[in-house]
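A structural walkthrough
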Amino acid sequence: MPPRPWFGIWPSIFKIVSTELAPAHSITAIFYICLASTAGLLLSYILAVFISDWKNNFLVSAIVLFCVTVLFYLIYTRIEKRMVIEEISPQKTQKLEVREKKKGEFAGVLIKSGVPIIFVAYVIQSMLSNGIKAVAPVMLMESYENISAALANGLNIILIAVGALGVFLASISLLRRVSPITVILGFSLLCLPLLLLVSRVGKINIAFVVMSMALAMLFLMTSSSYISPISKTFSAYGCVGTISGLFNCMASLGIVFSNYLFTTFSENYGWEFTTRFWLYIAIAETVLCLVANPIWKKFVKNIK
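Residues numbered from 1 in each chain as written. Predicted model: local features only at pLDDT ≥ 70, side-chain atom pairs only at ≥ 80, totals over all residues. Heavy atoms only, no water.

The next thing to look at is the overall build of the protein chain. Within the protein chain one finds 12 helices and zero strands. Taken from the N to the C terminus, the helices and strands of the protein chain come in the order α-α-α-α-α-α-α-α-α-α-α-α. The buried share of the protein chain, reckoned over its 304 residues, is 42%. Element-wise, carbon and sulfur atoms account for 68% of the exposed surface of the protein chain, whose accessible area totals about 16900 Å². (Helix = DSSP H or I, 4+ residues; strand = E, 2+ residues; numbered from the N terminus. Buried < 20%, exposed > 50% of the residue type's maximum accessible area, 1.4 Å probe, protein only. Areas by Shrake-Rupley, 256 points an atom, 1.4 Å probe, with all protein chains shown as cover.)

Structure follows, in structure tokens:
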């Protein structure tokens, strides 16, 4: 099923959740939404197994989207009836005026926060998570003997399921009290030895390669969940939806780059070169997080 419509509606949903819910509830809701997105992707792979004709994939997607649209409309109309007009106090009016003033400082705020550096790191993270899922079956079949297509393709479902587990762990983790970039940095460091093992594909036991890819996906998906709190921080500037949309753009760029680069590298230079490239860009992501972390902490401290 095509998951791309999610990239269109996510910024709007994120802005509603970030600005209209209580702070304690909004963070939890954001993690649940991330978990639902990953679970939906996993479900799409499982359903695809039972759909014989490829044309029916589009039919099933259309039915699901239609049902979701109707459900959303029914829920919204029910909530709308219970909405009340809130009287804005003079103190809150002053806060809103300050927020409106801050909106005009978007470019400067973006640079001071260090988020452009995180944008690049997130592109790399998206390349790795998408690339591992996309090319793992072919890589295993070409690197090891007696690996059937069904077994290799089954790895896709395993990797997505592990990714969903990563998002779930992020939703209940006590690490939410830590700076999100610090958490992303920590998981990036954990990925490095795993990707080093993956770069030995075809030379070490396949079990170690599969286990390393699964753990790398777990860490990548867990850390990617901490991008949402970064976007939420910009609610003070009235640009939560914009930042969230930019992060979605970075994720899309990562998917495009991974689909083209990793396929090209594997066909022309082999899997050893491709997997080593994964390791090199993971190191680059770690360095970017190291640079951005103190900048982000200073930015958040100034907001408070």
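Our focus in this paragraph is the packing of helix H6 (residues 115–143) against helix H12 (residues 271–303). The angle between the axes and the distance between the axes are what describe a pair of packed helices. The contact between H6 and H12 brings their axes to 9 Å, and the two run at 160°. The angle between H6 and H12 falls in the class roughly antiparallel. Considering how the two elements wind past one another, H6 and H12 form a crossing that is left-handed. Split into classes, the residues belonging to the contact of H6 with H12 amount to 24 nonpolar, four polar and two charged. (Axes fitted to C-alpha atoms, helices over the stretch in contact; angles between N-to-C directions. Parallel < 35°, antiparallel > 145°, perpendicular 65-115°, else oblique. Left-handed = near helix turned anticlockwise from the far one by under 90°. Nonpolar A, V, L, I, M, F, W, Y, C, P; charged D, E, K, R; others polar.)

In terms of nonpolar packing, the biggest core is built from 64 residues, with Ile132, Met213, Ile230, Phe234 and Phe247 touching the most fellow members. If you list the elements that add at least two residues to this core, you get helix H5 (106–113), H6, helix H7 (149–172), helix H8 (180–198), helix H9 (206–224), helix H10 (227–232), helix H11 (240–269) and H12. Here isoleucine 132 is in contact with Leu159, Leu195, Met213, Ala216, Met217, Leu220 and Trp278, once residues within four sequence places are set aside. (Core = buried A, V, L, I, M, F, W, Y, C linked by side-chain atoms within 4.5 Å. Contact = heavy atoms within 4.5 Å.)

Per the counting criterion, the structure on display carries 12 aromatic pairs. Arranged with centres 5.7 Å apart and planes meeting at 35°, the rings of phenylalanine 187 and phenylalanine 219 form a pair that is tilted. Taken together, the residues phenylalanine 187 in helix H8 and phenylalanine 219 in helix H9 connect sequence positions 32 residues apart. The same class applies to phenylalanine 187 as to phenylalanine 219, namely buried. On the basis of an interplanar angle of 45° and a centroid distance of 6.1 Å, the ring pair of phenylalanine 234 and tryptophan 296 is categorised as tilted. Here phenylalanine 234 is found in the loop between H10 and H11, whereas its partner tryptophan 296 is found in helix H12, with 62 residues between them in sequence. These aromatic residues form a ring-pair network of at least three members: Phe262, Phe265, Tyr269, Phe273, Phe277 and Trp278. (Phe/Tyr/Trp six-rings, centres within 6.5 Å; stacked < 30°, edge-to-face > 60°.)

A word on H8. Residues spaced three or four apart along an α-helix face the same direction, because each turn holds 3.6 residues. Between its first and last C-alpha, H8 extends 27 Å over 19 residues, near the 27 Å set by a 1.5 Å rise per residue. Taking the largest bend as the criterion, H8 deviates by roughly 25°, centred on leucine 192, and proline proline 193 comes between one and four positions later. Regarding H8, the residues found buried are Pro180, Ile181, Val183, Ile184, Leu185, Phe187, Ser188, Cys191, Leu192, Leu194, Leu195 and Val198. Tucked inside the fold, the buried residues of H8 contact H6, H9, H10 and H12. (Expected span 1.5 Å × (residues − 1). Bend = angle between axes of the 7 residues up to and from the residue.)

Attention now moves to the environment of leucine 110. As for its placement among the helices and strands, leucine 110 is situated in helix H5. Its relative accessible area of 13% is what places leucine 110 among the buried residues. For the pair leucine 110 and phenylalanine 299, spaced 189 residues apart in sequence, the C-alpha to C-alpha distance is 9.9 Å.

Under the counting rule described, the total for this entry stands at two salt bridges. Here glutamate 272 makes a salt bridge to lysine 203, at a shortest N to O gap of 3.4 Å. Taken together, the residues glutamate 272 in helix H12 and lysine 203 in the loop between H8 and H9 connect sequence positions 69 residues apart. Using a relative accessible area of 33% as the deciding quantity, one classes glutamate 272 as partly exposed. When the shortest N-O distance is used, the salt bridge between arginine 276 and glutamate 272 registers 2.9 Å. Highlighted residues: arginine 276 and glutamate 272, both in helix H12, separated by four residues, approximately one helical turn. (Salt bridge = Lys/Arg side-chain N within 4 Å of Asp/Glu carboxyl O.)

This part takes up a nonpolar patch on the surface. A contiguous nonpolar surface patch, about 420 Å² in accessible area, is contributed by Tyr280, Ile283, Val287, Val291 and Ile295. Residue position: valine 291 is located in helix H12. Its relative accessible area of 43% is what places valine 291 among the partly exposed residues. (Patch = residues over 30% accessible without salt bridge, like charges linked within 9 Å, V, L, I, M, F, W, Y side chains within 5 Å.)

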